[in-house]
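Examining the three-dimensional arrangement
Chain by chain, the residues run as shown.
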Amino acid sequence: MRLEGVGRRYGLGGHWVLRDVDLEVPPGALLRVQGANGSGKSTLLRIVAGVDRPSTGRITGRPATAYVPERFPPALPFDAHGYLVHLGAIHGLRRTTAARRAAEWLERFGAAGHARTPMDELSKGTAQKIAVVQALLAEPRLLVLDEAWTGLDEAARAVLDDAVRERVAAGGAVVFVDHDARRLAGEPTGVHRFADGRLTAVAESVAESGAEADVPRVVVEASGPGEPPALPGTPGYGPAGPGRIRITAPAQESDAVLRALLTADPPWHIQAVRPAQGPGAAGPEAGPGSGAGSADTRGDAR
Ligand SMILES: Nc1ncnc2c1ncn2[C@@H]1O[C@H](COP(=O)(O)OP(=O)(O)OP(=O)(O)O)[C@@H](O)[C@H]1O
């Protein structure tokens, strides 16, 4: 599937949440979308899932798609099994096939005991399992997961990780957002960062694979107007004086960070570039896990 020049705004005159987004989602792709809260990730995923239409641009080559929304609809007039069979039928499955797959997935997620529980009586965690199962049982060629791990217990999160791997191994594509930067770390075939309505492909950084303490880092100090531009990779950053920020990035990403600053409109000025003195000396903005007072990592940390 391909998105070309996709834009979305809510209402005429509303601000553009997505602007000119191009995205290729080939079979077998595992794509992570990240960005700050409210940057437009859910808007993009709804469009990728086909439950919302872009205001501009076009989408071609949509495969059979299933979607786990960020918020699951409450109080549906079914029990869990009935709901899953119903959704399976909507996905084009025979009812017997849907019923068999629903039972298998409920078992896998440790929720078989809730098959006959009315939907509006399910706990939040079990309801989230049902939300995930309705998408998985369709064996979609494109699976779109918006924070689908949130609310699941640890065992169920691991089941979902495996289910994603199985979809990809079967040639399906998976597009996901998750607030945990370590989710499926090292496995995505593409990582895309959202900022200012625009989507930029970034290499998955070492920081996201949990090995950030061992990589050489570079400290960049820069000054400029307003908000700093979107930076590639997963740099940490924080204030370094009025109108000035200090960025700590893996050395391999530092060229890209400098380029982003210098080519911003208006451009930022580079005040200093130096190697960080070991992982602990990179400053409080060293990135994920650097503790209280750490700066935003420009990722989807919450
Ligand atoms: N149905 C809607 N009507 C009007 N504005 C909306 C609607 N949905 C989203 N928005 C706005 O679009 C912007 C992006 O929202 P979106 O939920 O896509 O971001 P997000 O990155 O997924 O956020 P979060 O990480 O908090 O879930 C926000 O300013 C939001 O208020």
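Residues numbered from 1 in each chain as written. Predicted model: local features only at pLDDT ≥ 70, side-chain atom pairs only at ≥ 80, totals over all residues. Heavy atoms only, no water.

The protein has the name ATP-binding cassette domain-containing protein in an unreviewed UniProt entry, where Streptomyces fildesensis is given as its organism.

**Some words on the overall build of the protein**
Helices and strands together make up the secondary structure of the protein, namely six helices and 13 strands. Across the 302 residues in the protein, those meeting the buried criterion constitute 49%. Long-range contacts, defined as pairs at least 24 residues apart, comprise 69% of the intrachain contacts of the protein with a sequence gap of at least 6. Split by element, the accessible area of the protein, about 13,900 Å² in all, is 52% carbon and sulfur. (Helix = DSSP H or I, 4+ residues; strand = E, 2+ residues; numbered from the N terminus. Buried < 20%, exposed > 50% of the residue type's maximum accessible area, 1.4 Å probe, protein only. Contact = heavy atoms within 4.5 Å. Areas by Shrake-Rupley, 256 points an atom, 1.4 Å probe, with all protein chains shown as cover.)

**Some thoughts on the confidence of the model for the protein**
On average, residues of the protein score 84 in pLDDT, and 84% of them are at 70 or above. Considering each helix and strand of the protein separately, the mean pLDDT is smallest for strand 11 (residues 236–239), with a value of 65, and largest for strand 6 (residues 142–146), with 98. A low-confidence stretch, residues 205–213 (pLDDT under 50), is modelled with 19 contacts involving residues beyond four sequence positions or located in other chains. Note on residues 278–302: pLDDT under 50 across the span, and 49 contacts to partners over four residues away in sequence or across chains. (pLDDT = per-residue confidence, 0-100.)

**A word on the sheet that holds strand 2 (residues 16–24)**
The three strands are arranged 2-1-4 in an open sheet whose pairing can be described as antiparallel. Sheet topology places strand 2 and strand 4 (56–60) at the edges, where each strand pairs with a single neighbour. In this sheet, adjacent strand axes meet at a mean angle of 20° when their direction is disregarded. Two strands pair when backbone bridges link them, and strand 1 (residues 2–9) and strand 4 are joined in this way by four bridges, in the antiparallel orientation. Residue pairing for strand 4: G7 is matched across the bridge by T56. (Pairing = 2+ DSSP bridges. Axes fitted to C-alpha atoms, helices over the stretch in contact; angles between N-to-C directions.)

**A short note on the site of the ligand**
Taken together, 14 residues lie around the ligand, and G38, G40, K41, S42 and T43 are the ones closest in. G40 is positioned with one of its backbone polar atoms (N or O) 2.9 Å from an oxygen atom of the ligand. Within the complex, the protein chains bury 60% of what would otherwise be the 630 Å² of accessible surface of the ligand. The residue makeup of the shell around the ligand, split by class, is three nonpolar, seven polar and four charged. (Near = heavy atom within 4 Å. Polar contact = N/O pair within 3.5 Å; in protein donor to acceptor, adjacent residues only side chain to side chain. Nonpolar A, V, L, I, M, F, W, Y, C, P; charged D, E, K, R; others polar.)

**Structural notes on the pairing of strand 2**
Across five bridges, the pairing between strand 1 and strand 2 is antiparallel. Bridge assignment links V6 to a residue of strand 2, and that residue is V21. Taken together, strand 1 and the strand that follows it, strand 2, pair antiparallel across an intervening segment of six residues, in which G11 is found at a positive phi of about 85°.

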